[in-house]
Amino acid sequence: MLTSSLILIPLIGAALGLLAKGNNSKIVALLVALVNLVLTGILISQFNPAGGVQFEQNCSWIPSLGVNYHVGIDGISILMVLLANIAGPLIILSQFNRDIERAHIYNALILFMQAAMIGVFVSLDGFLYYIFWELALIPIFFLMLGWGGPNRQAVTLKFFLYTLAGSLFMLVGFVLLYVNSGGAGFDHSVLVGLQLDETTQRIIFGLLFIAFAIKMPIFPFHSWQPGAYTEAPTQGTMLLSGVMLKMGIYSVFRWILPIVPDAVSYFSTLIIVLSVIGIIYGSWIAIRQKDLKTLFAFASFAHVGLIAAGLFTNNAQGLQGALIQSLVHGINAIGLFYCADIIQNRLGDRLVDGKGGIRLIAPAFATLFIIVLFGTVALPLTNGFVGEFLLLAGIADYSIVLSGVAGLTVILCAVYMLRSYQYVMLGENSRSVSFTFPDLVLSEKITLIIIAALVIFIGVYPDPILKLTEPAVLQLLEQINA
Amino acid sequence: MNEFVGGQVPFDWYLYLSLVLFAIGVAGVLMRRNAIVMFMSVELMLNSVNLILVSYSSYTGKLSGMVFVFFVMVVAAAEVAVGLALLVSIYRNIRSVDIEELKNLKW
Amino acid sequence: MKDIVDQSAQFALSTILIPLLPLLGFTINAFFGKHLSKTLSGALATLSVAVSFILSLTIFFAAQNDGFSAFSVEVFEWITAGALRIPMEFYIDQLTVMFMLIITGVGSLIHLYSMGYMHDDEGHNRFFAYLNLFVFFMLLLVMGANYLITFIGWEGVGLCSYLLIGFWYKNQEYNNAAKKAFIMNRIGDLGFLLGMFLIFQNFGSLTFTEVFSKAGNYDLNDGMIVAITLLLFVGATGKSAQLPLFTWLPDAMAGPTPVSALIHAATMVTAGIYLVVRSNILFSLAPDTQHVILIVGLATAIFGAIIGLRQNDIKKVLAYSTVSQLGYMFIALGLGAYSAAFFHVMTHAFFKALLFLGAGSVIHAMSGEQDIRRMGGLWKYIKVTGITFIIGTIAISGIPPLAGFFSKDEILANAFAHSPLIWGLAVGGSMLTAFYMFRLFFLTFCGEFRGTEEQKHHLHESPATITIPLIVLAVLSIIGGFAGVPEVLGGSHWLNRFLAPVFADNEILSHSAHHLDHNLEIMLMCISVAAAVIMITIAYVVYVSKSVRPADDQHQPGGFAKLIANKFYVDELYNAIIVKPVMFLSNALYNFVEVYIIDGFVNLLGKGAVGGSRVLRLAQSGNIGFYFFAITISILVIILINTLS
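Cut-off values and rules
- Residues numbered from 1 in each chain as written.
- Chains lettered and ligands numbered in written order.
- Predicted model: local features only at pLDDT ≥ 70, side-chain atom pairs only at ≥ 80, totals over all residues.
- Helix = DSSP H or I, 4+ residues; strand = E, 2+ residues; numbered from the N terminus.
- Contact = placed C-beta atoms within 7 Å.
- Rg over C-alpha atoms; globule rule 2.2 N^0.38 Å.
- Buried ≥ 20, exposed ≤ 12 C-beta atoms within 10 Å, placed from the backbone.
- Nonpolar A, V, L, I, M, F, W, Y, C, P; charged D, E, K, R; others polar.
- Pairing = 2+ DSSP bridges.
- Axes fitted to C-alpha atoms, helices over the stretch in contact; angles between N-to-C directions.
- Parallel < 35°, antiparallel > 145°, perpendicular 65-115°, else oblique.
- Left-handed = near helix turned anticlockwise from the far one by under 90°.
- Expected span 1.5 Å × (residues − 1).
- Core = buried A, V, L, I, M, F, W, Y, C linked by C-beta atoms within 7 Å.
- pLDDT = per-residue confidence, 0-100.

Q: Run through the overall build of chain C, naming residues and quoting values.
A: Per the secondary structure count, chain C includes 26 helices and two strands. When its C-alpha atoms are laid out on the principal axes, chain C stretches across 115 × 70 × 60 Å. Nonlocal contacts in chain C, meaning residues at least 24 apart in sequence, comprise 81% of its contacts between residues at least 6 apart.

Q: Residue-level account of the overall build of chain A, with values.
A: On a plain count of helices and strands, chain A comes out with 20 helices and two strands. For chain A, the C-alpha radius of gyration of 21 Å lies close to 23 Å, the compact-globule estimate for 482 residues. Taken over the C-alpha atoms alone, chain A extends approximately 70 × 55 × 45 Å along its principal axes. Every one of the 482 residues in chain A was classed for burial, and the buried ones make up 62%. Counted over contacts in chain A with a minimum sequence separation of 6, partners at least 24 positions apart contribute 81%.

Q: Now, about the interface of chain B and chain C: what can you tell me, with residues and values included?
A: The partner chain C presents 10 residues to the 10 residues of chain B that form the contact. A class-by-class count of the residues in the side of chain B that touches chain C yields seven nonpolar, one polar and two charged.

Q: Before we move on, could you go through the arrangement of the chains and cite the residues and values that matter?
A: There are two pairs of chains in contact here, and the one with the most contacts is chains A and C. The least C-alpha distance between chain A and chain B, which are not in contact, is 24 Å.

Q: Give me the pairing of strand β1 (residues 54-62) of chain A: which residues, what numbers.
A: Residue and element names in this part refer to chain A. Here six bridges tie β1 to strand β2 (residues 67-73), and the two strands are oriented antiparallel to one another. Within the sheet, the bridge partner assigned to Ile62 lies in β2 and is Val67. If you look at the hairpin formed by β1 and β2, you'll find four residues sitting between the two strands, and Gly66 has a positive phi there, around 70°.

Q: Outline the packing of helix α2 (residues 38-63) of chain C against helix α3 (residues 94-117) of chain C, supporting the account with residue identities and numerical values.
A: Residues and elements named next belong to chain C. Across the interface, α2 lies against α3 with an axial gap of 8 Å and an inter-helix angle of 155°. Taken together, α2 and α3 sit at an angle that is classed as roughly antiparallel. Considering only the axes of α2 and α3, their crossing is left-handed. Along the contact surface, α2 presents Gly42, Ala45, Thr46, Val49, Ala50, Ser52, Phe53, Ser56, Ile59, Phe60 and Ala63, while α3 presents Gln94, Val97, Met100, Leu101, Thr104, Gly105, Gly107, Ser108, His111, Leu112, Ser114 and Met115. Split by residue class, the contact of α2 with α3 holds 12 nonpolar, 11 polar and no charged.

Q: Break down the interface of chain A and chain C for me, with residues and values.
A: Listed by partner, the interface residues are 43 residues for chain A and 40 residues for chain C. Those elements giving two or more residues to the side of chain A that touches chain C turn out to be α12 (261-287), α14 (316-347), α15 (358-361), α17 (383-398), α18 (400-425) and α20 (463-481) of chain A. With 11 residues, the top contributor of residues to the side of chain A that touches chain C is α18(A).

Q: Can you break down helix α18 (residues 420-445) of chain C residue by residue, with the values?
A: Residue and element names in this part refer to chain C. With 26 residues, α18 should cover 38 Å at 1.5 Å per step; its first-to-last C-alpha distance of 37 Å lies within 8% of that length. Buried residues dominate α18, accounting for 21 of its 26 residues. Two residues or fewer after α18 comes Gly447, characterised by a positive phi angle close to 75°.

Q: Kindly report on the nonpolar core, identifying the contributing residues and their values.
A: Ranked by internal contacts, the top residues of the largest apolar core, which has 414 residues, are A:Met117, C:Ile331, C:Ala341 and C:Ala353. Ranked by residues supplied to this core, first place goes to helix α15 (residues 338-365) of chain C with 18 residues. Once residues within four sequence positions are removed from consideration, C:Ala341 is found in contact with C:Ile273, C:Val277, C:Met329, C:Ala332 and C:Leu333.

Q: Account for the packing of helix α11 (residues 234-256) of chain A against helix α13 (residues 292-311) of chain A, naming residues and giving values.
A: A pair of packed helices can be characterised by two numbers: the angle between their axes and the separation between those axes. Residues and elements named next belong to chain A. Two elements in contact, α11 and α13, have axes whose closest approach is 11 Å; the angle formed by their N-to-C orientations is 15°. Classified by the angle between their axes, α11 and α13 sit roughly parallel to one another. The two elements α11 and α13 cross, and the hand of that crossing is right-handed. On α13, the residues touching Thr237, Ser241, Leu245, Ile249 and Val252 of α11 are Lys293, Ser300, Val304, Ile307 and Leu311. Each residue belonging to the contact of α11 with α13 can be placed in one class, and the counts come to six nonpolar, three polar and one charged.

Q: Mind laying out the confidence of the model for chain C, listing which residues take part and the relevant values?
A: Put simply, chain C has an average pLDDT of 87, and 98% of its residues get 70 or more. The ipTM assigned to the predicted complex is 0.91, against a pTM of 0.88.

Q: Please give an account of unusual backbone geometry that cites residues and values.
A: Between C:Leu243 and the following residue, C:Pro244, the backbone shows a cis peptide bond with an omega angle of 0°. Of note, the amide linkage connecting C:Pro400 to C:Pro401 takes the cis form, showing an omega dihedral of 0°. When you line up the elements, C:Pro401 lands in the loop between α16 (383-397) and α17 (403-418). Although it is not a glycine, A:Asn314 sits at a positive phi angle of roughly 60°. Mapped onto the elements, A:Asn314 comes out in the loop between α13 and α14. Residue classification places A:Asn314 among the partly exposed positions, given that 18 C-beta atoms sit within 10 Å. Backbone geometry at C:Tyr569 places phi at a positive 55°, although glycine is not the residue there. For C:Tyr569, a count of 12 C-beta atoms within 10 Å gives the class exposed.

Q: Report on the environment of C:Phe76, specifying residues and quantitative values.
A: Residues and elements named next belong to chain C. By the secondary structure assignment, Phe76 is in strand β1 (residues 71-81). Taking the C-beta count within 10 Å as the criterion, Phe76 has 10 such neighbours and is therefore assigned exposed. Taking the C-alpha atoms as reference, Phe76 lies 5.9 Å from Pro87; in sequence the two are 11 residues apart.

Q: Describe in detail α17(A), supporting the description with residues and values.
A: Relative to the 22 Å expected for 16 residues at 1.5 Å per residue, α17(A) spans 24 Å between its end C-alpha atoms, a close match to the ideal helical length. Among the 16 residues in α17(A), 16 count as buried, and that is most of the element.

Q: Let's hear about the environment of A:Asn481: which residues, and what values?
A: Residue and element names in this part refer to chain A. Along the chain, Asn481 falls in helix α20. The class of Asn481 is exposed, set by 9 C-beta atoms lying within 10 Å. Sequence spacing of Asn481 and Ser265 is 216 residues, and the spatial spacing of their C-alpha atoms is 9.5 Å.

Q: Just give me the short version of the environment of C:Leu139, but keep the residues and values in it.
A: Residues and elements named next belong to chain C. With respect to the helices and strands, Leu139 occurs in helix α4 (residues 124-143). Each C-alpha atom, one on Leu139 and one on Phe99, is 8.3 Å from the other, the two residues being 40 residues apart in sequence. When residues no more than four places from it in sequence are discounted, the contact partners of Leu139 are Ile18, Pro19, Pro22, Met100 and Ile103.

Shown next as structure tokens:
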């Protein structure tokens with residue numbers, strides 16, 4: 001019941017928020033998101049890492065197809081649920097002092113999106129999962145189209161069609177799984193128990209993975225991403241990069257690794273190589289990007305490449321790294337895009353060039369920004385390091401050469417992050433006219449301080465989080481290698 | 001000529017007749033440009049099929065063929081009603097029922 | 001066994017407190033710095049490091065007892081993933097204790113110095129916060145019980161270095177230097193990381209004690225060990241500014257002078273040496289790597305010294321001198337003379353910190369001027385600085401009985417035992433050292449004052465907070481060498497005996513120790529000292545008797561001298577072959593590959609769909625006759641196919 005209420009509360013909240021007007025809707029949305037966060041806290045406190053699937057609810061839905069409403073949380077989904085629920089309040093809080101037209105609809109869509117994404121993370125029935133997966137596309141479509149940048153129509157269309165095309169493959173994949181189950185249904189446990197032959201596994205792997213690869217995205221399925229991240233409204237970008245792309249990562253954990261393990265070992269080299277190419281490619285391009293949001297988009301792409309590579313290393317370091325890095329990347333991406341938004345809010349654009357001198361007049365912002373930035377650069381004792389270290393260690397276990405190439409991200413990330421920070425924040429005003437940059441207001445400060453605190457806390461003491469997922473990961477590895 | 005013994009028309013002949021009627025109908029639809037003539041040709045095709053249905057029904061002694069003929073006739077009647085009404089309406093608009101003139105509905 | 005338990009229990013608290021106190025100082029200064037007065041914030045920062053120093057001293061004295069043995073203190077579980085278990089754990093042995101003493105000792109002196117030096121800076125409190133943070137990370141680096149904790153410190157000091165080089169962030173040149181330092185360090189860090197991964201794969205652990213106890217299973221020059229040590233050495237070249245990753249260090253002089261003294265001379269740059277000495281068992285197993293280290297060290301020592309000859313910025317001279325001296329330490333490491341390397345780390349920390357602080361005092365007196373061409377004759381204005389500076393200069397030149405002599409001599413003796421050629425080159429480098437250091441001294445302190453009248457008017461000795469650290473460091477530079485007086489000079493080499501347990505498990509080392517003949521050793525000493533004296537004399541003749549002045553920027557001589565003055569164009573070279581192509585490729589990848597190929601392909605699909613529909617819709621001609629015809633033909637075709645099959 002607790003699990004279902006995590007989905008239901010944002011939905012109800014979205015409906016409630018529609019009734020409120022203007023800024024009230026923001027407060028309603030924030031309260032709803034906070035309630036959900038508290039519930040998540042309760043859930044984690046009661047969670048037993050070694051206990052498999054918990055907080056389960058399973059009732060028949062469409063008996064003739066064997067479809068059930070089956071939700072539950074285990075060590076793999078718990079971090080994702082946590083991420084979605086940390087992200088929710090932060091994203092809502094991040095627009096508190098912004099003028100947003102039709103704010104009640106905006107916030108309702110955010111909550112709707114949150115509900116759908118949590119639904120994806122907790123579904124244990126393939127059919128239900130697919131519905132939530134597609135459902136999540138609807139609010140982000142309207143967010144982008146309704147509140148996006150000047151080039152939003154073309155970009156939204158591309159994003160929508162691209163992901164929809166991927167989903168189609170996934171649908172076929174699930175139908176194939178259903179057929180192979182002999183009509184026993186879509187339940188996760190049923191699908192995991194299937195004994196598929198090699199060829200079928202590879203076909204299903206291909207079908208499912210294309211959908212996930214587009215969502216993450218993995219090189220070369222990424223070209224929707226920079227545009228979408230750039231044109232979406234800030235909160236939309238946060239939802240996309242912070243949480244939505246984790247749907248792809250999580251889905252590999254849930255629907256690929258345990259179900260088609262032989263195909264995974266068959267394809268792993270290819271995918272790790274593709275991911276590593278993506279890391280280098282994304283980082284390299286990020287160096288010379290002019291728009292901060294596009295720059296962070298390519299950075300995000302590079303970081304996700306590392307996670308994707310870790311997913312297929314078939315060892316505990318890689319998988320654990322992928323899980324914790326998903327959480328961490330979500331938090332950091334929200335922080336980075338928020339910083340870009342703050343700059344745009346003050347100065348009217350997000351270009352790297354022609355700025356400078358902000359640190360002089362907005363020290364609080366500068367400090368919080370650089371903490372988030374170093375989290376992204378994966379400095380030890382910040383949250384980014386733990387995941388990146390584990391991921392690289394996992395890849396090294398697979399191949400030290402690939403790890404070395406993937407490790408170039410360590411250098412390149414420092415290059416593009418420090419470079420953009422230097423030109424935007426440091427130095428003196430390079431404009432011809434003087435400019436004003438009011439330092440953070442309360443809601444901005446709270447948002448960024450929470451993010452900065454998470455950056456440092458998770459970096460210093462990641463063990464509780466790793467312990468939450470460890471038994472589930474080890475069990476998954478046993479399943480794969482059985 | 002012993003097929004005529006007993007005053008019975010041989011079964012095959014019904015089939016040949018329907019085939020000829022159907023072919024005439026197809027040819028009419030394909031070749032004529034007047035919409036009303038085309039309409040009539042369509043009716044001819046329908047009736048050729050009706051003929052086959054009735055013949056088979058009589059030949060096999062089962063009634064379902066007859067029942068289908070009634071269905072077809074009902075549908076044909078409805079079709080005539082709607083179709084002729086459309087044609088009248090078109091004629092009122094463009095003073096013609098030549099299908100060469102009726103090709104605005106494209107792309 | 002009982003002893004070990006007792007020790008770790010006895011010192012657990014101090015062990016945790018030692019790094020924690022500077023962290024606490026950082027926290028207070030970072031969060032409440034705005035509300036503290038300058039003196040209070042500086043005093044807090046200094047005190048936190050000083051208390052750590054005292055706590056380190058207690059461990060140091062305990063380590064003098066025979067019963068002392070290395071111990072570990074676990075604080076909490078940090079990372080666990082499958083077989084990888086990394087606790088936040090400290091490991092204290094003799095090597096660590098010595099490094100802790102240097103870091104907190106020299107560190108607290110430099111903190112004290114900074115209280116005077118940075119007093120008028122608006123970012124005063126921020127400065128102390130960073131400085132404390134640096135000490136914390138540096139302590140973590142040397143105290144970590146496994147490679148990953150060391151790596152935290154390793155990257156952490158890089159962060160502080162970045163923050164402190166770019167401390168005056170209004171100047172984009174300084175920011176560039178900071179960024180360059182961070183990125184070049186990261187190149188090395190990647191090597192360190194990969195080395196760690198290989199260690200974990202082969203040894204199943206990253207904990208020092210476990211790794212080293214299993215190292216005996218490997219043969220000499222085993223490919224894996226060579227790979228591991230080479231990767232670790234790549235990390236060391238980045239942090240310790242060796243060829244080819246040295247160019248960040250001279251640029252790092254953009255930071256405030258105390259930073260140059262603490263981070264870029266005494267402590268952080270010696271982290272690479274720490275790493276190699278710590279992993280001495282692995283490195284001794286890989287003579288191939290040692291050869292590489294020897295060559296790189298030697299090349300850096302000479303290269304740095306040559307460039308130092310023609311630098312005119314007082315801090316740049318010292319920076320290249322640091323590069324060169326670090327090269328000497330790596331020569332020692334390449335020779336397997338680990339304790340000699342550490343000895344030089346220690347004495348270098350004393351005299352180089354002294355020289356940098358002295359330079360800071362000079363700059364302070366000169367109202368911010370750093371160009372030695374506009375100094376001169378400062379001796380009579382700033383006596384304390386001058387006296388301490390000459391002590392440091394003599395020490396680095398290797399004149400007995402000052403500290404530099406003993407440590408450098410030990411390296412030279414080892415070099416001779418290995419090959420006279422290396423000895424010769426090393427002596428040549430040290431001759432250059434003596435020359436450029438005395439050139440610096442003579443140009444700064446002797447002759448006529450060449451600055452502006454205004455500068456002359458402001459010339460003054462620095463306050464006590466600045467001179468006291470100078471004096472203390474000068475004393476240490478004089479007596480520091482006596483920690484390692486070799487047997488041939490009647491000493492007992494206390495340092496070698498103290499550090500012996502660190503190398504006790506290194507069997508290769510104990511077999512390969514070489515002893516030079518006593519007479520030969522004394523002769524070598526005489527040669528190197530004589531060489532240094534000759535060079536000092538030459539410097540005296542050139543810069544004092546003949547009063548030669550370095551040329552202005554407009555009148556630079558050509559040829560080799562120009563090459564040196566321009567630092568062999570290494571920066572320009574890196575810019576041309578690395579930075580520019582990287583930037584160019586970044587643009588090219590985006591503008592060509594991304595836009596035209598990858599996105600182009602996706603757009604092509606979309607355009608294909610649109611184009612296809614444009615073609616297909618032509619079939620929708622509106623001609624009813626055609627439709628009928630198409631229907632008929634289609635039906636006929638279907639019937640035909642059905643009949644045929």
